[in-house]
Amino acid sequence: MNPKALSSSFSHFLKRFCFVAILASIVLLLLSGYAASKLYERYVVRLAESNAVNLTEAIFTTYRAELNSALDSAPLLPPQLLELNKTLRDFIQPYGIVKTKLFSPEGIIIYSTDLSIIGKDASANEMLKQAFIHGASSNIQRKDQITDLAHETRFDVDVVESYVAMQAHNGELIGVFEIYQDTSGFRGEIQQGILLFVGVLAIILLSVFSTAYVFMRKAVKKMAYQQEMLEELATVDAITGLYNRAEITRRMEAEWQRYKRCSSKQSSFALLMLDLDHFKKVNDNYGHLVGDKLLQLVAHRLMGELRSYSAIGRYGGEEFIALIPDISYESAEQVAERLQRLVSQSGYELLGYKISMSVSIGFAVAEPTDLNLDTLIKRADDALYEAKKSGRNCVVGTAGVTPLGGIIANSG
């Protein structure tokens, strides 16, 4: 993968990480907020149920005789009902109770602050059944409106409905009290508590994901750099900085495939084989360190002269190969001659030595008669051989092959 594609891949990965982190945070905050609301709601219900149990015990302790009489005398006559109604209302009104009922063990409503429902059978009520079994049962409801003991209508009210069983000294169930408590005052506290909880959690998540993002971004940059270095090691010659043999061959093959897809001769390309003359003497006389430095300087001159869309690589030892797309034979010859003069002129000063160097160049331009890339490379290599045989420091090109396979050579 090339560095640009790799960088794009890592950038895409970080974007996906941010998207997943944000989405996960939103989901987690929503679920946490919901869970917190349920916990607060459960707390309010348990608190209201505890208050209802205590209040029921207080009522039963204070008005045991009146309640026993009411349960035994059901249905109550108006005078007894009105007296019980006044007694219970006066007792529970200071505690914020909006409604109450008294059930017989059979589930019949013996008394209610709503006098219109007295005498109804509520034995099918599931919460009443739970109170018969477990002693108490509660839930919270939101009422659009409700009339309290003072006959005032309240709107948008949170009410905890609690059923509390009453038992005689011998454990016998004698009735059940239902108490409605207005818990709307807790709503603001619950909302503040949930907002605080979710806010703190959001800050924690932001800190965690931000820290993770910073570390991942650093790791991704390091991986991208390492990948780029590996890419360079795999494609670049360590001494000259040019493409190595494998990479320049890959690029030549790609250009060959492009050329075969296009029938126009104007899309032809050239290969230039360059060989430094008598380079072995440099290594023998000055050492390989000077030889490597000379290769670097020559490579620098060659890269500076070629067009940006051309490619050049070290093909082996002191031999280079240049790939020049979209070029004619005449233009390729001109480029080769220009490179030959560039390498040979003015010499090289390095590590205290003044060294002269020349180059032999053979080139070939792709022709329809070339069977494959190897054929083209061989023609360029044969032209290089002719240049060396002709005394070196010159350019030889092949214009094509004859039907009999011979080379048509032109010396520069």
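Just above, that's the structure.
Numbering of residues begins from 1 in every chain and follows the order in which that chain's sequence is written. Per-residue local features of the predicted model are confined to residues with pLDDT of at least 70, and side-chain atom pairs are confined, for both listing and counting, to 80 or more; whole-chain, interface and lining totals are unaffected and use all residues. Each side-chain value is derived from all of the structure's non-hydrogen atoms; neither hydrogens nor water enter the calculation.

Colleague: Got a minute to help me understand the overall build of the protein chain in this structure?
Modeller: Only DSSP runs of H or I covering at least 4 residues are called helices, and only runs of E covering at least 2 are called strands; the numbering of each starts at the N terminus. Counting secondary structure elements, the protein chain contains 10 helices and 13 strands. For 412 residues, the compact-globule estimate of 2.2 N^0.38 gives 22 Å, and the C-alpha radius of gyration of the protein chain, at 48 Å, exceeds that figure by more than 25%. Dimensions of the protein chain along its principal axes, counting C-alpha atoms only, are 140 × 50 × 40 Å. Here's how the labels work: a residue is buried when its accessible area is under 20% of the maximum for its type, exposed when over 50%, partly exposed in between, all with a 1.4 Å probe on protein chains only. Taken over 412 residues, the protein chain has a buried fraction of 41%. In this setup the radius of gyration rests on C-alpha atoms only. A globule is expected at 2.2 Å times the number of residues raised to 0.38.

Colleague: How should I be thinking about the pairing of strand β2 (residues 109–112) in this particular structure?
Modeller: Regular strands have side chains that alternate between both faces of the sheet. For strand β1 (residues 97–103) and β2, the ladder comprises 3 bridges, and the chain directions are antiparallel. Residue pairing in the sheet places Lys101 in a bridge with Ser112 of β2. Turn length for the β1-β2 hairpin, with the two strands adjacent in sequence and antiparallel, is 5 residues, and the turn residue Gly107 shows positive phi of about 90°. Pairing between strands is defined by DSSP: at least two bridges between them are needed.

Colleague: Looking at this structure, I do not really get the pattern of salt bridges. What am I missing?
Modeller: If charged atoms from side chains of opposite charge come close, those side chains can pair. Definition used for salt bridges: Asp or Glu carboxyl oxygen within 4 Å of a side-chain nitrogen of Lys or Arg. Taken as a whole, this structure holds 22 salt bridges when the rule is applied. When the shortest N-O distance is used, the salt bridge between Arg142 and Asp156 registers 3.9 Å. Linking Arg142 in strand β3 (residues 136–147) with Asp156 in strand β4 (residues 153–167), this pair joins segments that are 14 residues apart in sequence. A salt bridge links Arg258 to Glu255; its shortest N-O distance comes to 2.5 Å. Here Arg258 and its partner Glu255 are both found in helix α6 (residues 245–261), 3 residues apart, which amounts to about one turn of the helix. For Glu255, a relative accessible area of 10% translates into the label buried. Members of the salt-bridge network, linked through shared partners, are Arg142, Asp156, Asp158 and Arg187.

Colleague: Please clarify how the nonpolar core should be interpreted in this entry.
Modeller: It is characteristic of soluble globular proteins that their nonpolar side chains tend to be buried jointly. Core analysis: the largest hydrophobic core is formed by 34 residues, its most contacted members being Leu272, Leu274, Leu276 and Leu294. Contributions of two or more residues to this core are made by β6 (270–276), α7 (279–286), α8 (288–305), β8 (319–324), α9 (329–344), β9 (348–350) and β11 (359–365). For Leu294, the contacting residues outside a window of four places in its chain are Phe279, Val282, Tyr348, Leu350, Ile355 and Met357. In these notes, a set of buried Ala, Val, Leu, Ile, Met, Phe, Trp, Tyr and Cys residues joined through side-chain atoms within 4.5 Å is what counts as a nonpolar core. With 24 residues, the next largest nonpolar core counts Phe60, Tyr63, Leu76 and Ile97 among its residues. Here a residue-residue contact requires only that any non-hydrogen atoms of the pair lie within 4.5 Å.

Colleague: Help me out: how do you make sense of the packing of aromatic side chains in this one?
Modeller: Centre distance and the angle of the planes are the two values used to describe a pair of aromatic rings. Pairing of aromatic rings covers Phe, Tyr and the six-membered ring of Trp, with a centre-to-centre limit of 6.5 Å; geometry is then stacked below 30 degrees between planes, edge-to-face above 60, and tilted otherwise. Counted according to the given criterion, the structure contains 7 aromatic pairs. Between the aromatic rings of Trp256 and Tyr259, the centroid separation amounts to 5.7 Å while the plane-to-plane angle is 45°, which identifies the pairing as tilted. In this pair, Trp256 and Tyr259 are both assigned in helix α6, 3 residues apart and thus about one turn of the helix distant. Each member of the pair, Trp256 together with Tyr259, is buried. Residues Tyr329 and Phe363 carry aromatic rings whose centres are separated by 5.1 Å and whose planes lie at 40° to one another, so their mutual orientation is tilted. Of this pair, Tyr329 sits in helix α9 while Phe363 sits in strand β11, placing them 34 residues apart in sequence. Each member of the pair, Tyr329 as well as Phe363, carries the same accessibility label: buried. A connected cluster of aromatic rings, assembled from ring pairs, spans Tyr63, Phe91 and Tyr95. Whether a charge lies above a ring is judged from NZ of Lys or CZ of Arg, which has to be within 6 Å of the ring centre and within 35 degrees of the ring normal. Geometry around Tyr315 places Arg245 over its ring, the cationic atom sitting 3.9 Å from the centre.

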